[in-house]
Amino acid sequence: MTDPISSENHGDVRIIWSDNPPVNALGAAVRQGLVREIEAAEDDDSVKAVVIACKGRTFFAGADITEFGKPPVMPWLPTVVDRIEACEKPVVAAIHGTALGGGCEVALGCHYRVALPSAKLGFPEVNLGLLPGAGGTQRGPRVAGVELALKMATTGKPITAGEAHDAGLVDRIVEGDLVQHAVAYAEEVKDVRPLPRSSEHSDKIENVDPSVFEDYKKANAKLFRGDVAPLANLECIKAAVEQPYEQGVMTERTKFMELMSGPQAKARQYFFFAERKAAKIEGVDDSVEPREIKRVGVIGAGTMGGGISMNFLTAGIPVTIVEMNQEALDRGTGVMLKNYQSTARKGRMTEEQVEGAMGLLKPSLNFDDLGECDLIIEAVYENMDVKKDIFTKLDGIAKNGAILASNTSYLDINEIASVTKRPEDVVGLHFFSPANIMKLLEVVRGDKTADDVLVTAMALAKKIRKVAVIAGVCYGFIGNRMLIPRQLQAEKLLMEGATPQQIDKVHVEFGMPMGPFQMADLAGVDIGWHRDPERIESIRDALCAIDRWGQKKGAGFYDYDENRRPSPSEKVQSIIDDFAAKQGIEKREISDQEIVERTLYTMVNEGAKILDEGKAQRASDIDVVWVYGYGWPVYRGGPMYWADSEGLDTIVEGLKRQEERLGDDWSFSQLLLDKAEAGEKFTR
Ligand code: T1G
């Protein structure tokens, strides 16, 4: 393996280069090389200053995550950072791309930092269930200030070079040739003494009101609920304020090791790679090129059509959006503009960017205008006849090579494709509502969908900043299919004596953002309702029949006040009791454990069936769907990873305990039984 670290001289400045694709991760060879070159530069009298720079697309993007869990190889990253800082000659970090985690810590060990305007700096360790373990929680507050360091470390969100410069984390922003500017900067400071050391005391940790930490904890209690890493990060930043540097470093090290050995870090690190694996399409050669998508057509300017369109407009891709009448078209484009304006008000877009995005939108009442589009997505009413009619028309209008996609949430893509003469160009693109916000995209692969159509869909997903997962054709694909047993069992449990609030509480305490009934009220109890108020075959029918359609009607499974705050509903409880009485179901005490087994274990069982039927490429894809599509707590890894952590034998035992209550149409996944029997796992 070639040495990723090299060096060259520019006059009396030594440039230390890292060339460790793809992201200059700080693996053992990089760490060893950095120490070697710093010591060589220090020993060489002809060298007056040092620049550390990286080849390729980014400055060090952090420790090498693939080394985690393996026997450590010296030198530790903290040692490397300390050695850089101890160098008697000024060391300048030349930052481009993303200086993340250990990369940001290496930059903090340098005496000066120069960056391109496009560069980003961050502490994403919390996303891996960790914290900056190479002095970042101690140097960060001293250089960038407590508030910014706290936000960076507990949220993992990177900051721009501009923000870093304003905070003092970057000394100079340069345009053009980064390393040339960094060398020039090194020339300017080569005789400056004493050298600024980020570990030295700074006024930025002076007189910090201790309530800052308590207030921050309270303000983020919901966000951090159940998640140990953010609070550990907060404790370390607090230690930077309250303890001398050396003691703060020990606090950081202790907490880092605690996190690293804990289950949540393992789950998050699993998920880091699971998310990246989802982008790979089994059986499709890397040489398959995506089709060029210069214009996207969207049919339907409703909530979904508008949200879907925004993804492409924001990514700079022109959109032709088609509706049946002017009123619907104006309403749809009006909602899109309103959404953009609210994003601009939050400072996440400029007015010019809003204008730019809306400027790429071409509203039309003429279906034939879709003939100029390279990808056409229908987002109309969830009805097979309506979709078949649209695809029949599209077949005659769309240009050759155009991709025809349905945003259907459940329906059979093969059946839709069968009405066209080009089934190989048909694919499912299942966006999740709100489509301009939710990151998950299920790419549904029809029996005849061409490989390059899939490759195009996955490439486009990355461009519009979605996390795409390939799904096979089955009712509900991956995510919604697993929702079915969960909802079914949840409603059966209501009949047997559980309440909506008890069931939702179990899910929220588990770490879900909301429970099944809170979710039903948010999405709409009337989704999928047959619209016949006389036909009452379920609790949902009964609620819909009396206009309890959820939050949008001020009442669903819960009653809602004017601020949409939910409260248990006596009316709903009486409907449930009547239903149970009519069916002769005896009420009984239901334990939280039974709720877990009947709603979460049954989801795992369905996930195993999906895997067994080949409707998901891998178990980790199912986890990616549930984390990004439904808010499954990432610190539990996803339903399949979690099932492995519980033990598949435990899952099977639980389901056996509940089997007679699960209903006649419920059955075990043979794959689950086999794996449990063999002591195997789904995800490792
Ligand atoms: N280690 C090893 N491999 C990594 C890696 C890392 N840190 N980051 C990315 N990769 C691989 C990734 O698996 C993929 O591989 C390829 O690089 C491209 O990644 C002590 C303990 C940098 C913003 O958390 O956020 O420092 O699939 O597809 O979309 O305090 O990668 O091609 O085989 O994501 O352009 C902290 C994690 C580590 C940064 C680029 N650092 N990486 O995004 O490419 S912990 C992170 C990212 C740490 C210290 C602590 C992103 C990126 P493959 P990609 P991208």
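All values reported here derive from a predicted model rather than from experimental measurement.

J.: Tell me about the site of the ligand, and please be specific about residues and values.
T.: Every one of the 28 residues lining the ligand counts as a neighbour, but Arg-57, Ala-63, Glu-105, Glu-125 and Arg-276 are closest to it. The contact in question runs from a nitrogen atom of the ligand to an N or O atom on the backbone of Ala-61, over 2.9 Å. For the ligand, whose unbound accessible area comes to 990 Å², protein coverage reaches 75%. Mapped onto the shell around the ligand, the elements with two or more residues apiece are strand 5 (98-100), helix 3 (102-109) and helix 12 (263-277). The element contributing the most residues to the shell around the ligand is helix 12, with three residues. Each residue belonging to the shell around the ligand can be placed in one class, and the counts come to 16 nonpolar, five polar and seven charged.

J.: Explain the UniProt feature "domain: 3-hydroxyacyl-CoA dehydrogenase NAD binding" (unreviewed entry) in the protein to me, and be specific about the residues and the numbers.
T.: In the UniProt entry, the feature "domain: 3-hydroxyacyl-CoA dehydrogenase NAD binding" (unreviewed entry) is given for residues 296-471. Helix makes up 41% of residues 296-471 and strand 21%. Its end C-alpha atoms lie 22 Å apart.

J.: Tell me about the side chain of Arg-486, and name the residues and values.
T.: Summarising the element assignment, Arg-486 is placed in helix 19 (residues 479-496). For Arg-486, which is buried and forms no salt bridge, the nearest opposite charge comes from Asp-504, at a distance of 7.1 Å. Side-chain polar atoms of Arg-486 contact the side chain of Gln-487, separated by 3.1 Å. Setting aside residues no more than four positions away along its own chain, Arg-486 makes contact with His-507, Met-512, Pro-516, Met-519, Thr-599, Thr-602, Met-603 and Trp-626.

J.: Before we move on, can you summarise the UniProt feature "domain: 3-hydroxyacyl-CoA dehydrogenase C-terminal" (unreviewed entry) in the protein with the specific residues and values?
T.: UniProt's feature table lists "domain: 3-hydroxyacyl-CoA dehydrogenase C-terminal" (unreviewed entry) at residues 476-560 and 595-680, given in the numbering used throughout. Taken end to end, residues 476-560 is 52% helix and 4% strand, and its first and last C-alpha atoms sit 30 Å apart. Here residues 595-680 runs as 72% helix and 0% strand, with 25 Å between its end C-alpha atoms.

J.: Break down the domain arrangement of the protein for me, with residues and values.
T.: Its domain assignment divides the protein into domain 1 (5-261), domain 2 (296-474) and domain 3 (498-587). A straight line from the C-alpha centre of domain 1 to that of domain 2 covers 42 Å.

J.: Explain the packing of helix 24 (residues 592-612) against helix 27 (residues 648-662) to me, using residue names and the numbers behind them.
T.: Axis separation between helix 24 and helix 27 bottoms out at 9 Å; the angle between their running directions is 105°. Accordingly, the angle class assigned to the pair helix 24 and helix 27 is roughly perpendicular. Taken together, the residues of helix 27 that come into contact with helix 24 (itself represented by Gln-593, Glu-594, Glu-597, Arg-598, Tyr-601, Thr-602, Val-604 and Asn-605) are Thr-650, Ile-651, Gly-654, Leu-655, Arg-657, Gln-658, Arg-661 and Leu-662. Of the residues in the contact of helix 24 with helix 27, the class split is five nonpolar, six polar and five charged.

J.: I'd like a description of the nonpolar core, backed by residues and values.
T.: Counting residues in hydrophobic clusters, the biggest one holds 95 residues, and the most contacted among them are Ile-478, Phe-557, Trp-626, Trp-632 and Phe-682. Here this core takes nine residues from helix 24, the largest share from any one element. Summarising the domain contributions, this core has at least three residues from each of domain 2 (296-474) and domain 3 (498-587). Not counting residues up to four positions away in its chain, the partners in contact with Phe-557 are Glu-491, Leu-494, Pro-500, Phe-517, Ala-520, Asp-521, Val-525, Ile-539, Arg-540, Leu-543, Ser-569 and Val-572.

What counts, and at which threshold
Residues numbered from 1 in each chain as written. Predicted model: local features only at pLDDT ≥ 70, side-chain atom pairs only at ≥ 80, totals over all residues. Heavy atoms only, no water. Near = heavy atom within 4 Å. Polar contact = N/O pair within 3.5 Å; in protein donor to acceptor, adjacent residues only side chain to side chain. Areas by Shrake-Rupley, 256 points an atom, 1.4 Å probe, with all protein chains shown as cover. Helix = DSSP H or I, 4+ residues; strand = E, 2+ residues; numbered from the N terminus. Nonpolar A, V, L, I, M, F, W, Y, C, P; charged D, E, K, R; others polar. UniProt positions renumbered as here; feature names shortened; annotations may be inferred. Buried < 20%, exposed > 50% of the residue type's maximum accessible area, 1.4 Å probe, protein only. Lys, Arg positive; Asp, Glu negative; His and termini not counted. Salt bridge = Lys/Arg side-chain N within 4 Å of Asp/Glu carboxyl O. Contact = heavy atoms within 4.5 Å. Domains from an automatic or database assignment. Axes fitted to C-alpha atoms, helices over the stretch in contact; angles between N-to-C directions. Parallel < 35°, antiparallel > 145°, perpendicular 65-115°, else oblique. Core = buried A, V, L, I, M, F, W, Y, C linked by side-chain atoms within 4.5 Å.

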